[in-house]
Amino acid sequence: MEKACLTFLPNVSLLKPNDVLGQSACPFCQLTALEKILLEEGDALWVENKYRTLEETYQTVLIESKAHDFNLAYCSLEKLKDLLEFIFACWEKLAADSRFSSTLFLKNYGPWSGASLRHSHSQLVALKKWDVTKQADPIHFAGLDLYQGEGVSATLSTQPIMGYTELNISFEPKGSVEELAELLQALVIFILNQQADRKEGSYNLFGWRYLDHYQFKLVPRYIDSAYFVGFGIAQVFPMDKLEKMAEDIRSHYLKELLNRQ
Ligand SMILES: [Zn+2]
């Protein structure tokens with residue numbers, strides 16, 4: 001199978017506002033300046049991305065809240081549940097468009113994640129030519145069990161894409177979005193706590209849409225490993241450390257969820 005390669009347009013990227021590295025006002029706080037609102041629900045908005053940097057794609061942005069300092073790691077679980085329901089509704093709309101081969105979800109958080117704006121947002125992108133699920137190997141979503149609910153589950157990767165700590169969440173439509181919200185928030189807090197010695201934590205949340213479920217991957221971001229960049233070789237912690245980490249996540253971060261099972 002031909003490997004996906006997207007054409008990136010640097011001239012468009014130069015126009016993008018940036019309040020992480022550069023100096024610019026937050027475009028998501030000036031909602032009148034937005035080009036096209038696709039859907040609005042409560043506090044969240046789905047809009048076309050004004051800066052379409054990738055050829056043969058349709059790039060959209062999910063503004064997770066109108067509040068500039070909104071953070072899904074610390075928001076109420078009710079708000080996060082509403083937000084996840086909104087994301088799934090937008091995602092399904094995009095996936096129903098027959099012009100595209102596949103859709104992906106992406107969230108950048110923090111200076112090492114590739115984020116250019118601090119205002120909490122995510123992206124839904126439709127690809128004309130590539131099927132992102134065919135580019136993914138399910139082995140990267142498997143690992144040590146962290147949580148097994150009805151239609152909601154999580155693992156700690158034993159074969160990560162890049163390394164070292166990758167957390168995977170699988171969600172089937174029959175699952176409870178409330179449970180997903182609680183699980184996601186707990187795992188995001190774990191990732192940020194791992195980086196507590198840094199000024200600002202960074203992570204990516206990646207999402208794939210399969211026919212019967214959504215697959216998410218939560219990855220803390222540092223400077224990328226040279227072994228991965230050059231050789232495509234992932235790195236993982238020894239199994240005893242991974243098992244200890246999984247136990248720490250279960251007993252500290254997922255304690256309440258697991259106690260209710
Ligand atoms: Zn803002």
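Coordinates for the structure precede this section.
## Some words on a nonpolar patch on the surface
A cluster of nonpolar side chains, namely Tyr227, Phe231 and Ile233, defines an oily patch on the protein surface of about 370 Å² accessible area. With respect to the element layout, Phe231 can be found in helix 5 (residues 226-231). Its relative accessible area of 63% is what places Phe231 among the exposed residues.

## Points about the sheet that holds strand 3 (residues 57-63)
Strand order in the open sheet made by the 10 strands is 1-2-3-5-4-9-10-8-7-6, with antiparallel pairing throughout. At either end of the open sheet lies a strand with only one pairing partner, and these are strand 1 (37-41) and strand 6 (143-148). Between one strand axis and the next, the sheet turns by 20° as a mean value, whatever way the strands run. By the bridge criterion, four bridges tie strand 2 (residues 44-48) to strand 3 in an arrangement that is antiparallel. Its bridge partner being in strand 3, Trp46 is matched across the sheet by Leu62. The sheet contacts of helix 2 (residues 77-95) involve strand 1, strand 2, strand 3, strand 4 (102-109), strand 5 (121-127), strand 8 (167-171), strand 9 (203-209) and strand 10 (214-220), and relative to strand 2 the element is tilted by about 25°. Sitting on the sheet, helix 6 (residues 239-253) touches strand 6, strand 7 (152-157) and strand 8, and the angle it makes with strand 6 is about 10°.

## A short note on the side chain of Arg221
Looking at the element boundaries, Arg221 is found in the loop between strand 10 and helix 5. The class for Arg221 is buried, based on a relative accessible area of 16%. Each residue touching Arg221, except ones within four places of it in the same chain, is listed here: Trp112, Ser113, Gln195, Arg198, Ser202, Tyr203 and Asn204.

## A look at the pattern of salt bridges
Counting across every chain of the model gives 17 salt bridges. Two residues, Glu48 and Lys36, come together in a salt bridge whose shortest N-O distance is 4.0 Å. Of this pair, Glu48 sits in strand 2 while Lys36 sits in the loop between helix 1 (10-15) and strand 1, placing them 12 residues apart in sequence. A relative accessible area of 14% means that Glu48 is categorised as buried. Overall, Lys36 belongs to the partly exposed group, its relative accessible area being 41%. Where Arg52 meets Glu48, a salt bridge forms, and the shortest distance between an N and an O atom there is 2.8 Å. Each of Lys36, Glu48 and Arg52 takes part in one network of salt bridges that share partners.

## What about the nonpolar core?
Generally speaking, nonpolar side chains in soluble globular proteins are found buried as a group. Counting residues in hydrophobic clusters, the biggest one holds 52 residues, and the most contacted among them are Leu146, Leu167, Leu183, Leu187 and Leu254. In terms of residues, this core owes the most to one element, helix 4 (residues 177-194), which gives 11 residues. Once residues lying within four places of it in the same chain are set aside, the contact partners of Leu183 are Tyr147, Val152, Ser153, Ala154, Ile169, Leu254 and Leu257.

Cut-offs applied
- Residues numbered from 1 in each chain as written.
- Predicted model: local features only at pLDDT ≥ 70, side-chain atom pairs only at ≥ 80, totals over all residues.
- Heavy atoms only, no water.
- Patch = residues over 30% accessible without salt bridge, like charges linked within 9 Å, V, L, I, M, F, W, Y side chains within 5 Å.
- Areas by Shrake-Rupley, 256 points an atom, 1.4 Å probe, with all protein chains shown as cover.
- Salt bridge = Lys/Arg side-chain N within 4 Å of Asp/Glu carboxyl O.
- Helix = DSSP H or I, 4+ residues; strand = E, 2+ residues; numbered from the N terminus.
- Buried < 20%, exposed > 50% of the residue type's maximum accessible area, 1.4 Å probe, protein only.
- Pairing = 2+ DSSP bridges.
- Axes fitted to C-alpha atoms, helices over the stretch in contact; angles between N-to-C directions.
- Contact = heavy atoms within 4.5 Å.
- Core = buried A, V, L, I, M, F, W, Y, C linked by side-chain atoms within 4.5 Å.

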